[in-house]
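These are the residues of each chain, in order.
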Amino acid sequence: MRILHTDILVLGLGSAGSAAVYRALQGGASVVGAEQMAGPGGTSTYGGVNNWEPGVSFEGMHREIARRLLERGDAFVGKTTEYVSAANRFATSDRSGDPYETTLKRFGVHPDDMRRLHYEPDAMSAVLQELMEEADSGGRLTLFYNTRFVSLDTQNRRIRTCVLDTPSGPVTVCPKQVIDCTGDLLPARMAGCTCVIGEDARETYGEEAAPDGATRFLNGLTQCFRITETGVDMPGVPEEYNDVDLTGWVEHMNRTMGPVSCFNVYPRGGIYVNMLPTGEGDLYLQYDLPVLKHICEARAYRYVQWLAEKGYLRGWEITHMFPLLGLRESWRLVGRYVLTIEDIYNGFAPSLGTEHTVAIADHPADTHGRGSRCKDTYPGYGIPYECLLPKEIDNLLVACRGSSFTHLAASSTRLSRTMLQLGEAAGTAAAMCIQDGYDPADVDVTALRKLRGIE
Ligand SMILES: Cc1cc2nc3c(=O)[nH]c(=O)nc-3n(C[C@H](O)[C@H](O)[C@H](O)COP(=O)(O)OP(=O)(O)OC[C@H]3O[C@@H](n4cnc5c(N)ncnc54)[C@H](O)[C@@H]3O)c2cc1C
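Keep in mind that this is a model prediction, so the values were computed, not measured.

On to the overall build of the chain, then. Counting its regular elements, the chain contains 13 helices and 19 strands. Burial analysis of the chain (455 residues in total) assigns 52% to the buried set. Within the chain, contacts between residues at least 6 apart in sequence are counted, and of these 77% link residues at least 24 apart.

Structure below.
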């Protein structure tokens with residue numbers, strides 16, 4: 001088996017992982033990155049969530065990404081184009097949807113920033129790849145695509161080796177530091193880090209809006225897809241989905257007048273559809289992921305057919321089904337600090353203070369599939385470095401939507417630009433560890449913030 005030594009191993013190259021690679025290289029480290037898809041971006045590319053909003057944040061990689069995409073005509077800045085309402089041609093419901101802008105307005109974000117960057121997913125992937133390559137001087141970067149992290153080995157609170165299943169066979173990586181950016185935390189869970197799934201009980205973190213007891217409820221999941229006007233009506237659900245019983249789904253659509261969906265125009269034509277949601281989040285716990293994806297794809301096809309039956313989207317077809325199922329939430333780390341919704345209301349974690357903040361976020365608690373029980377107005381807030389630190393493993397950082405947040409806090413933190421900032425913080429911190437020979441828990445957060453230009 002091929003053996004590879006590296007300073008830093010980044011697992012999962014979504015928003016957070018790409019940013020972690022970028023900053024780790026800028027910090028002078030050698031880096032191996034592994035991603036199961038054919039390129040970088042994760043949910044924001046291969047999951048079909050092809051937009052994000054500027055909102056508030058520190059300066060960072062997201063601004064450079066936006067600049068390049070806009071300059072090349074691969075993105076445009078616009079309001080959410082079509083929200084379901086009786087007034088637009090995609091209307092499927094008489095509950096006129098709450099426009100996305102009002103979610104941001106509740107936050108006090110300046111009206112000029114209440115717009116989304118809509119981009120082509122392959123262009124976003126290309127920009128992320130380009131930035132990672134530009135940060136590499138002297139051939140310090142090795143990227144594996146179409147590659148799954150499959151197992152690891154620990155000793156004395158450290159990850160010693162990780163096995164990657166690459167297209168040319170298994171590779172054992174021996175890293176000094178590891179950054180788990182996989183979203184679902186397979187590496188952290190395999191390493192024995194405490195992780196949880198579902199809602200936290202009120203008393204666990206003192207969150208007033210949390211339920212009396214812990215539950216397995218998860219934020220709703222969505223299979224995104226691209227539709228194009230071809231002049232042909234959606235021909236129906238393809239045969240390969242004949243094994244999926246869609247009776248309940250059709251009854252659900254008839255009863256609710258269809259899922260509330262967000263239709264966004266692409267710069268190069270066509271529309272991406274984000275159903276809110278395609279299924280309850282806890283389906284993640286009932287099925288293996290490939291089976292669940294298959295069910296959700298069948299639901300998506302049936303949805304477009306159902307719209308055509310109601311007279312909408314006539315002449316439009318699904319031309320791309322995104323290969324990653326859109327999971328808003330799954331496993332979460334219980335790290336050295338767990339960010340709560342009360343911290344978010346407060347603006348920062350009181351026991352740590354603002355000086356531990358490594359990312360700023362500004363989205364309200366946003367739990368699809370269930371009405372939010374949270375207060376809906378609060379200012380931007382800081383995420384402390386300690387949310388990236390597991391308690392059990394010394395050479396691991398967890399930077400992704402699965403970082404150390406409560407269920408309620410995660411429904412706010414999970415946005416792409418926030419994940420980019422967490423990845424940037426983790427990559428910078430890991431490179432500091434390599435340079436000075438310590439572990440992530442020993443990082444001087446003031447020095448980290450200085451390196452990231454946060455003060
Ligand atoms: C339907 C939907 C709509 C959303 N809308 C918005 C929005 O409007 N604005 C916004 O900002 N955010 C939105 N979000 C949230 C945001 O897109 C995600 O939370 C964010 O992109 C997650 O980034 P991440 O880096 O944490 O994880 P991901 O982007 O999911 O990256 C994780 C990566 O790890 C890889 N991976 C996982 N396991 C393995 C393994 N074993 N081996 C190798 N690779 C692995 C995956 O392939 C993936 O590329 C939405 C999310 C969804 C699902």
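There's more to say after this.
So, about the confidence of the model for the chain. Counting all residues, the mean pLDDT for the chain is 88, and 88% of those residues have values of 70 or more. Mean pLDDT in the chain bottoms out at strand β5 (residues 82–83), which sits at 40, and peaks at strand β19 (residues 396–398), which reaches 99. A low-confidence stretch, residues 80–99 stays under pLDDT 50, and its non-local contacts, those more than four residues away or across chains, total 44 contacts. The model gives residues 103–109 a pLDDT under 50, and that stretch makes 18 contacts with residues more than four places away or in other chains.

Over its 21 residues, helix α9 (residues 289–309) extends 30 Å from the first C-alpha to the last, a length consistent with the 30 Å expected when each residue adds 1.5 Å. Just past α9, the residue glycine 311 takes up positive phi, approximately 100 degrees.

The subject of this paragraph is the sheet that holds strand β3 (residues 51–52). Strand order in this open sheet of 3 strands is β3-β6-β4, and the pairing throughout is antiparallel. In the strand order of this sheet, the two ends are held by β3 and β4 (75–78), each with one partner. Pairing between β4 and strand β6 (residues 116–119): 4 bridges, direction antiparallel. Each bridged residue has a counterpart across the sheet, and for glycine 78 the counterpart in β6 is arginine 116.

With that settled, consider the site of the ligand. In the vicinity of the ligand lie 40 residues, with Gly12, Gly14, Gly42, Gly326 and Leu415 positioned nearest. Breaking the shell around the ligand down by element, the ones donating at least two residues are α1 (15–26), β3, β8 (148–155) and α12 (416–436). Partitioned by chemical class, the residues of the shell around the ligand number 16 nonpolar, 16 polar and 8 charged.

Turning our eyes to something else, we now look at the environment of cysteine 224. With respect to the helices and strands, the residue cysteine 224 is situated in the loop between α6 (202–205) and β12 (225–229). Using a count of 26 C-beta atoms within 10 Å as the deciding quantity, one classes cysteine 224 as buried. The residues touching cysteine 224, leaving out its near neighbours within four places in the chain, are Gly47, Gly48, Val49, Tyr272, Val273, Asn274, Phe322 and Gly326.

Let us look at unusual backbone geometry. Of note in the backbone geometry, asparagine 156 takes a positive phi value of approximately 50 degrees without being a glycine. Considering the arrangement of structural elements, one finds asparagine 156 in the loop between β8 and β9 (158–166). The backbone of arginine 157 shows a phi angle near 65 degrees, a positive value even though the residue is not glycine. Checked against the element boundaries, arginine 157 lands in the loop between β8 and β9.

This part is about the packing of helix α7 (residues 247–256) against α9. Interhelical geometry of α7 versus α9 gives an angle of 45 degrees and a closest axis separation of 11 Å. In terms of orientation, α7 lies oblique with respect to α9. Here α7 runs over α9; the crossing is right-handed. Between α7 and α9, the contacting residues are Trp249, Val250 and Met253 on the first element and Arg299, Arg302, Tyr303 and Trp306 on the second. Looking at side-chain class alone, the contact of α7 with α9 contains 5 nonpolar, no polar and 2 charged residues.

Reading the values: rules and limits
- Residues numbered from 1 in each chain as written.
- Predicted model: local features only at pLDDT ≥ 70, side-chain atom pairs only at ≥ 80, totals over all residues.
- Helix = DSSP H or I, 4+ residues; strand = E, 2+ residues; numbered from the N terminus.
- Buried ≥ 20, exposed ≤ 12 C-beta atoms within 10 Å, placed from the backbone.
- Contact = placed C-beta atoms within 7 Å.
- pLDDT = per-residue confidence, 0-100.
- Expected span 1.5 Å × (residues − 1).
- Pairing = 2+ DSSP bridges.
- Near = placed C-beta within 6 Å.
- Nonpolar A, V, L, I, M, F, W, Y, C, P; charged D, E, K, R; others polar.
- Axes fitted to C-alpha atoms, helices over the stretch in contact; angles between N-to-C directions.
- Parallel < 35°, antiparallel > 145°, perpendicular 65-115°, else oblique.
- Left-handed = near helix turned anticlockwise from the far one by under 90°.

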